[in-house]
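Residues per chain are reported as follows:
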Amino acid sequence: QVQLVESGGGLVQPGGSLRLSCVASGRIFSIGAMRWYRQAPGKQRELVAGITSGGKTNYKDSVKGRFTISRDNAKNTVYLQMNSLKPEDTAVYYCNADFSDIVGHWSDYWGQGTQVTVSS
């Protein structure tokens, strides 16, 4: 089994910054793409940013230029640097990633989520 644990959420004023981290642990042979999703109250979960094992990134249009996704493969960790935060960024942020076992079977796992609240 694989576990993903997010951290770094909290309350921040509009215009502020937060850095989310997500650490993977457990029976890991290889990690593929890693992603950050978010879900606001009453809304569907949406993809915020993703990064491939080779470092290629993609972003939701509304966060381009403000958020940066990165990963440290040696630490099995993915980060989300969030700058110029807006109230509409308020949501629970979830980490998601693809893992393979030793025989090459791929599965994706989710973290438990971390709350980000942007408010004055």
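Preceding this section is the structure that the text describes.
Residues numbered from 1 in each chain as written. Predicted model: local features only at pLDDT ≥ 70, side-chain atom pairs only at ≥ 80, totals over all residues. Heavy atoms only, no water.

S.K.: Describe in detail the packing of aromatic side chains, supporting the description with residues and values.
M.R.: What characterises a pair of aromatic rings is the spacing of the ring centres plus the angle enclosed by the ring planes. All told, the structure shown has three aromatic pairs when counted by the stated rule. Consider the rings of Y37 and W110, whose centres lie 4.8 Å apart with planes at 55°: the pair is tilted. Placement of the pair is Y37 in strand β4 (residues 30-39) and W110 in strand β10 (residues 106-110), with a sequence separation of 73 residues. By relative accessible area, which is 36% here, W110 ends up partly exposed. An aromatic cluster is present here, built from Y37, Y94 and W110 joined pairwise through their rings. Sitting over the face of the ring of Y79, R19 holds its NZ or CZ atom 4.0 Å from the ring centroid. A cation over an aromatic ring shows up here: R45 above the ring of Y94, its NZ or CZ 3.7 Å from the ring centre. (Phe/Tyr/Trp six-rings, centres within 6.5 Å; stacked < 30°, edge-to-face > 60°. Helix = DSSP H or I, 4+ residues; strand = E, 2+ residues; numbered from the N terminus. Buried < 20%, exposed > 50% of the residue type's maximum accessible area, 1.4 Å probe, protein only. Lys NZ or Arg CZ within 6 Å of the ring centre and 35° of its normal.)

S.K.: Outline the nonpolar core, listing residues and values.
M.R.: Formed by 28 residues in total, the largest nonpolar core has its most connected members in W36, F67, V78, L80, M82 and Y93. Only β1 (2-7), β3 (18-26), β4, β5 (46-51), β7 (67-72), β8 (77-82), β9 (91-100) and β11 (114-118) provide two or more residues apiece to this core. If you tally residues by element for this core, the top one is β9, at five residues. What M82 contacts, discounting residues up to four positions off in sequence, is G16, S17, L18, L20, R66, F67, Y93 and V116. (Core = buried A, V, L, I, M, F, W, Y, C linked by side-chain atoms within 4.5 Å. Contact = heavy atoms within 4.5 Å.)

S.K.: Describe unusual backbone geometry, naming the residues involved and giving the relevant values.
M.R.: Notably, N76 is not glycine yet its phi reads approximately 50°, a positive angle. For N76, the location among the structural elements is in the loop between β7 and β8. One non-glycine residue with positive phi stands out, namely S84, at about 50°. Mapped onto the elements of the fold, S84 is located in the loop between β8 and β9.

S.K.: Give me a nonpolar patch on the surface: which residues, what numbers.
M.R.: A cluster of nonpolar side chains, F29, I102 and V103, forms an exposed patch at the surface whose accessible area comes to about 390 Å². By the secondary structure assignment, V103 is in the loop between β9 and β10. For V103, a relative accessible area of 70% gives the class exposed. (Patch = residues over 30% accessible without salt bridge, like charges linked within 9 Å, V, L, I, M, F, W, Y side chains within 5 Å. Areas by Shrake-Rupley, 256 points an atom, 1.4 Å probe, with all protein chains shown as cover. Salt bridge = Lys/Arg side-chain N within 4 Å of Asp/Glu carboxyl O.)

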